[in-house]
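# An overview of the molecular structure
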Amino acid sequence: MGNPINTGRFTVDNSDDIVVFIIGMRINKRLAVHKWLPVFNAMPGMIKELYINKDELGFLSMESFFGLKTTVMIQYWRSTDDLLSYAKNEKHLTAWKKFNQKAGNNDAVGIYHETYQICKGNYESIYVNMPKYGLGKAVNHVPITKEKNFASQRLNVK
């Protein structure tokens, strides 16, 4: 059940371009719940939509982290075109419009995102005694062989 531990050393097949999208929210004024809660509540519906329609949207996977003031989601996408297409999606546009109407002009809540286009061969990872996680959950998770034992080999660095 769940996400089983993969005993040993694993990496990912880095033979495709990917996009890493980091998105999050920061609560600047904790007591202004009426300002930041609608922003927080907009995300679950979009996340559900992404997972239900992964293949057609080009969404690969994500991880979420919650701090005292800041949340962050690291998302993995097949391409920039897929990510930008989703940004024009009705559910996302509705959430963006509501954010701008309710919270866009106050300092109680902030949002941010960063987008990284990463070419094949220019990313690497290692997972030791871990369940599939992060990039290893998003793309092909493979055992490390002697040919890919070091980060420089996984990155094809000479």
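So, how was this worked out
Residues numbered from 1 in each chain as written. Predicted model: local features only at pLDDT ≥ 70, side-chain atom pairs only at ≥ 80, totals over all residues. Heavy atoms only, no water. Pairing = 2+ DSSP bridges. Helix = DSSP H or I, 4+ residues; strand = E, 2+ residues; numbered from the N terminus. Axes fitted to C-alpha atoms, helices over the stretch in contact; angles between N-to-C directions. Phe/Tyr/Trp six-rings, centres within 6.5 Å; stacked < 30°, edge-to-face > 60°. Polar contact = N/O pair within 3.5 Å; in protein donor to acceptor, adjacent residues only side chain to side chain. Contact = heavy atoms within 4.5 Å. 1 Å grid on protein atoms, 1.4 Å probe; cavity = no way out; pocket = protein on both sides within 12 Å on 5 of 7 lines; lining within 4 Å. Points joined across faces, edges and corners; volume = space filled by probe spheres on them.

With that settled, consider the sheet that holds strand β6 (residues 127–130). One open sheet accounts for three strands, arranged β6-β1-β7; its pairing is antiparallel. One side of each edge strand has no neighbouring strand; the edge strands of this open sheet are β6 and β7 (141–143). Strand-to-strand, the axes of this sheet are offset by a mean angle of 50 degrees, without reference to chain direction. Here strand β1 (residues 6–12) pairs with β7 via three bridges, running antiparallel. Within β7, the residue paired with V12 across the bridge is H141.

To continue, consider the packing of aromatic side chains. Scanning the model with the defined rule gives four aromatic pairs in all. With 5.1 Å between their ring centres and 85 degrees between their planes, Y51 and F59 make a pair best called edge-to-face. Through a chain of ring-to-ring contacts, three or more aromatic side chains come together here, namely Y51, F59, W77 and Y86.

Below, the discussion takes up the side chain of R154. One can find R154 in helix α6 (residues 151–154). A polar side-chain atom of R154 sits 3.1 Å from the main-chain carbonyl oxygen of N149. Dropping the residues within four chain positions of it, R154 is found in contact with T11, N14, G121, Y123, E124, S125, I126, I144, K148 and N149.

Take the layout of surface pockets next. Empty space within the largest pocket amounts to approximately 980 Å³. If you trace the largest pocket, you find 40 residues lining it, with I23, M43, M46, H92 and A95 closest to the centre. For the lining of the largest pocket, the secondary structure elements donating two or more residues are β2 (18–27), α1 (33–52), β3 (59–66), β4 (70–77), α3 (80–87), α4 (90–102) and β5 (109–118). Top contributing element to the lining of the largest pocket by residue count: α1, with nine residues.

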